[in-house]
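Chain by chain, the residues:
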Amino acid sequence: MIVPISLLAELLQALPQLRAQIYFKSSMTALSHAMEDLVLAGSDEEPLVIASFQHERFYREEAHRYRRIADRTSQVYVLSAPETEFKNSSESHETVAFAPEDALSKEWHLVVLGQHYSTCLICHEKIVPIDHQDDRDPLLIDQARRFEGIWTFDREVSCKAAELLLDKILKYRPELAEKIDRARTTYNLAKIKKTRKSSASKSAKPDKNAAKDSKIPNPKLSDAFAERLVTYLQSGQHKLLRAYAAIAAQERKERLINLITTAMRRSLNPQEIVEVAVQELGTALSASRCLIYRCKAADIAAKIDREFLRPGTNSLLDQTWQLQKNPIFRDAVTRQERVYIQETAQDPLIVNTKSLAETVKNWQIVSWLMVPVLYQGRVLGMVEMHQCRSASPWEEDEIALVEAIATQLGAALIQAETYANLEELNQQLEALDRTRSNLIAITGHELRTPLSTIQVCLESLNSEPDMPQELRQIMLETALGDADRMRKLVQDFLTLSHLESGRVKWNVESLTLQECVDLALSSVRSRRVVDRQLPKIIAEVSAELPLVEADGEWLVEVLSKLLDNACKFTTPQGTVTIRAKCNGSRMVEVLVTDTGRGIEASSLKIVFDRFYQEEGSLRRSAGGTGLGLAICKQIVTGWGGNIWADSAGKDRGSEFHFTIPIV
Ligand code: ADP
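Everything numeric here is computed off the predicted structure, so don't read it as measured data. (Residues numbered from 1 in each chain as written. Predicted model: local features only at pLDDT ≥ 70, side-chain atom pairs only at ≥ 80, totals over all residues. Heavy atoms only, no water.)

Chemist: Help me out: how do you make sense of the overall build of the protein in this one?
Modeler: When you go through the protein residue by residue, the secondary structure sums to 17 helices and 22 strands. Within the protein, buried positions represent 45% of all 663 residues. Considering only intrachain contacts with a sequence separation of at least 6, the fraction spanning at least 24 residues in the protein is 71%. Surface accessibility of the protein: about 35,500 Å² in total, with carbon and sulfur atoms responsible for 53%. (Helix = DSSP H or I, 4+ residues; strand = E, 2+ residues; numbered from the N terminus. Buried < 20%, exposed > 50% of the residue type's maximum accessible area, 1.4 Å probe, protein only. Contact = heavy atoms within 4.5 Å. Areas by Shrake-Rupley, 256 points an atom, 1.4 Å probe, with all protein chains shown as cover.)

Chemist: Just to check I follow, could you spell out the packing of aromatic side chains for this structure?
Modeler: Remark: the centre distance and the inter-plane angle together describe each pair of aromatic rings, the angle taken between the planes. Counted under the stated rule, the structure contains eleven aromatic pairs. The interplanar angle of 70° and the centroid separation of 5.2 Å between the aromatic rings of Tyr-59 and Phe-86 together place this pair among those described as edge-to-face. With a gap of 27 residues between them, Tyr-59 in helix 3 (residues 56-70) and Phe-86 in the loop between strand 3 (76-81) and strand 4 (89-90) connect regions that are remote in the sequence. We classify Tyr-59 as buried; its relative accessible area is 8%. Grouped by ring-pair contacts, the aromatic residues Phe-53, Tyr-59, Tyr-66, Phe-86, Trp-108 and Phe-147 constitute a single cluster. (Phe/Tyr/Trp six-rings, centres within 6.5 Å; stacked < 30°, edge-to-face > 60°.)

Chemist: Would you mind showing me how to read the pairing of strand 3 here?
Modeler: Remember that side chains alternate between the two faces of the sheet whenever the strand is regular. With six of six residues buried, strand 3 is to be regarded as a mostly interior element. Across the two faces of strand 3 the burial is the same, with Val-76, Val-78 and Ser-80 and Tyr-77, Leu-79 and Ala-81 all buried. As paired strands, strand 2 (residues 48-55) and strand 3 are joined by five bridges and run parallel to one another. Across the sheet, the residue bridging to Ser-52 is Leu-79, located in strand 3. In this region the chain leaves strand 2, passes through helix 3 and returns to the parallel neighbour strand 3; the handedness of that crossover is right-handed. Bridge analysis of strand 3 against strand 5 (residues 94-97) gives four bridges, and the strand direction is parallel. The residue bridging Tyr-77 from the neighbouring strand is Glu-94, located in strand 5. (Pairing = 2+ DSSP bridges. Right-handed = clockwise from strand over helix to strand, strands pointing away.)

Chemist: Just to check I follow, could you spell out helix 10 (residues 327-335) for this structure?
Modeler: An α-helix turns once per 3.6 residues; consequently, residues spaced three or four apart project the same way. Restricting attention to buried positions, one finds in helix 10 the residues Pro-327, Ile-328, Phe-329, Ala-332 and Val-333. Along its buried surface, helix 10 packs onto strand 9 (289-294), strand 13 (339-341), helix 11 (348-352), helix 12 (354-362), strand 14 (365-375) and strand 15 (378-388). Two to three positions downstream of the cap, the backbone nitrogen of Ile-328 sits 2.8 Å from a side-chain oxygen, assigning the N-cap of helix 10 to Asn-326. (Polar contact = N/O pair within 3.5 Å; in protein donor to acceptor, adjacent residues only side chain to side chain.)

Chemist: It is not clear to me how the environment of Gln-250 should be interpreted in this structure. Could you clarify?
Modeler: Along the chain, Gln-250 falls in helix 8 (residues 219-266). Residues Gln-250 and Leu-401 lie 151 residues apart in sequence; the distance between their C-alpha atoms is 9.5 Å.

Chemist: What's the story with the sheet that holds strand 20 (residues 587-594) in this structure? I'm lost.
Modeler: Adjacent strands of a sheet form backbone hydrogen bonds with each other and so pair up, either parallel or antiparallel. In space, the five strands of this open sheet follow the order 17-19-20-22-21, with mixed pairing throughout. With one partner strand each, in any of the chains shown, strand 17 (536-540) and strand 21 (643-647) form the two edges of the open sheet. Each adjacent strand pair in this sheet contributes to an overall mean axis angle of 20°, direction not counted. Pairing of strand 19 (residues 575-583) with strand 20, which is carried by eight bridges, proceeds in the antiparallel orientation. Note that in strand 20 the partner of Ala-580 across the bridge is Val-590. Contacts between helix 16 (residues 552-568) and the sheet are confined to strand 17, strand 19, strand 20 and strand 22 (654-661), with strand 22 contributing the most and set at about 175° to the helix. (Axes fitted to C-alpha atoms, helices over the stretch in contact; angles between N-to-C directions.)

Chemist: I tried to follow the nonpolar core on my own but got confused; where do I start?
Modeler: Nonpolar side chains in soluble globular proteins generally cluster together in the buried interior. Membership of the largest hydrophobic core comes to 52 residues, with the highest contact counts inside it found for Leu-513, Leu-555, Leu-559, Trp-639, Phe-658 and Ile-660. Here the element with the most residues in this core is helix 16; it accounts for nine residues. The contact partners of Leu-513, leaving out residues within four places of it in the chain, are Val-541, Leu-545, Leu-555, Ala-580, Val-588, Val-590 and Ile-660. By size, the runner-up hydrophobic cluster in this structure holds 33 residues, among which are Leu-8, Leu-113, Ile-122 and Leu-189. (Core = buried A, V, L, I, M, F, W, Y, C linked by side-chain atoms within 4.5 Å.)

Chemist: How should I be thinking about the site of the ligand in this particular structure?
Modeler: Around the ligand sit 20 residues, and of these Asn-565, Lys-568, Gln-613, Thr-625 and Leu-629 come closest. Contacts to the ligand include Asn-565, whose side-chain N or O atom sits 2.7 Å from an oxygen atom. At 3.1 Å from an oxygen atom of the ligand is found a main-chain nitrogen or oxygen belonging to Gly-626. About the coverage of the ligand: the protein hides 97% of its 530 Å² of free accessible area. At the level of elements, helix 16, helix 17 (628-638) and strand 22 are the ones that each hand at least two residues to the shell around the ligand. When residues of the shell around the ligand are assigned to their parent elements, the largest contribution, three residues, is made by helix 16. (Near = heavy atom within 4 Å.)

Chemist: How should the side chain of Thr-73 be read in this particular structure?
Modeler: Of note, Thr-73 is situated in the loop between helix 3 and strand 3. According to the relative accessible area criterion, Thr-73 is buried, its value standing at 2%. Engagement of the side chain of Thr-73 in a polar contact is seen with the backbone oxygen of Pro-47, the distance being 2.6 Å. Among all residues touching Thr-73, those that are not within four sequence positions of it are Val-39, Glu-46 and Pro-47.

Chemist: Which parts of the structure should I look at to understand the packing of helix 9 (residues 270-284) against helix 13 (residues 396-463)?
Modeler: The packing of two helices is summarised by the inter-axis angle and the distance between the axes. At a minimum axis separation of 10 Å, helix 9 and helix 13 run at an interaxial angle of 170°. If you check the angle between helix 9 and helix 13, you find them roughly antiparallel. Contacts from Pro-270, Ile-273, Val-274, Ala-277 and Leu-281 of helix 9 reach helix 13 at Val-402, Ile-405, Leu-409, Ala-412, Leu-413 and Ala-416. (Parallel < 35°, antiparallel > 145°, perpendicular 65-115°, else oblique.)

Chemist: Mind showing me how you'd approach the pattern of salt bridges here?
Modeler: Oppositely charged side chains can pair when the atoms bearing their charge come close. Per the stated rule, a full pass over the model turns up 22 salt bridges. A salt bridge links Asp-484 to Arg-487; the shortest N-O distance between them is 2.9 Å. Of this pair, Asp-484 and Arg-487 both sit in helix 14 (residues 469-500), three residues apart, roughly one helical turn. One salt-bridge network, in which partners are shared between bridges, spans Glu-36, Asp-37, Glu-62 and Arg-65. (Salt bridge = Lys/Arg side-chain N within 4 Å of Asp/Glu carboxyl O.)

Now the structure itself:
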């Protein structure tokens, strides 16, 4: 039963003068429909129609047409390889299920024979390997399938094709012999077969019902055919144009997105990025006005600083644009998606909101689109497109383009911000690194100096056992003094590092300044008594002062250090005074003044730097680490106060001021 020989090959063998040509599936569909329409529109009695589809699915697409054709003639045969329900049957028309292995499954045939017309399409599919990576629309791939074959009006060829197809039908459906014989007789098919065998030069004698000259198609018939064919081709062309338009729109969108994103990516300056986006979007969408502004979801208003404007539209530049009062903005921000009002005049929200209606009127907004610029759910800004006066509204694909750009914009802005933050962080890190290096150098030097002294003293004591007792005593005292200085230095250094790390836990409480001053004074007195005589100390701190808010221990530390310094740099004949007063309504100002050696105007600020000492650490006369004032500054700024020094100059005394918040 299986027939592996191609029908096209058989036909070409029988009629060697025929030349096959290539047809796309789309052209074959158009031709087939035009051929079928000959039957549907013609008045011939019992025309013969034989159609062979490769597979049931292709037949299913056309089944309705064959049911209509069957209303006009009983001689309709449809062949196909079954897939689900297609089988041999004789319902409205004859269906013939051929084996999938049959060569017919690679072919596509249609033969239409009437008294006034004859035409056939006999084709064999040319298999072109399909690229599996190809992700094009399967429908497009189907329409581009290629067939090789014959399409003609020639009656002789059509009859021969009908004959061959009827032979095949008979093999699959022998019970149709009688019906097939009727068709053969009507269209003189058997006769053609016989004459061709006897002599190739003698052509078949047409049946009395057949067209007079089979080679020349009836002009009316070919006109009608051509007309139908043109209609099909036109509709195919129309579909193609629509597809091209869709592709072109998609391409335009992608090109624009690429253009804008490349421009945006090229810059790491957020202002530049917004400028590029606003200009490109406004131009691409032929907007009357395009605005892009930075804002947060809760912002009351935004200043318009970037704008695209079509000539003749009034500018919103430098205007304060209301956000929270605008329900469209609120809606876009809440839903985190675009809001598009195609006709503001018809929108109930705008019509019923007085302020919004006024905005629309003032700025002549006919179509209004708002697309939020988001990054991970955070509102970074807004893209607004306005169409004013008679400009046409936007299509869905144009709005999708604005959304795509807004997404890119969000990413670009975050990228720029991250870069800026990174730059700042980098600068901070570099500064920190410089400070660290300085600190290591200075600390190293500060520690090495007393260490060298200790070493020299101890070596001398060790190597000179005969050293006079008096000198031994001096050596020992010097070593001990420097060891103590080293201890203080390490302690102050650790305190300062701790304060600078920002990890200090402040134990803030309400304090009476007077009590803290008393504590500081007793600590200074107890320390100084051993060293040398102190200058006169006067404390003028009123008990009436408001309570201050600070960490008591640290406050006493600041007071002690300032009093200590004042005593250190003032002769026993001089005076040190501590006073306090209200500085405005929020702060108490404490003053520690002395009549000592004073500070040069140029050093008033740098005395707070680490390791600053006027005479340098090597020639230090009064001892100390050079870290005391740096520690004071850290403590005072820690509670939000200020500290500064004043002096009328050398030997004219100094004034140290600092402020503490009032409770
Ligand atoms: P030190 O432990 O050396 O006193 P400080 O940081 O407390 O370190 O002081 C730094 C420097 O500021 C001192 O070495 C001194 O040169 C100067 N200075 C501080 N207080 C006074 C003051 N009351 N009078 C004059 N100079 C002062």
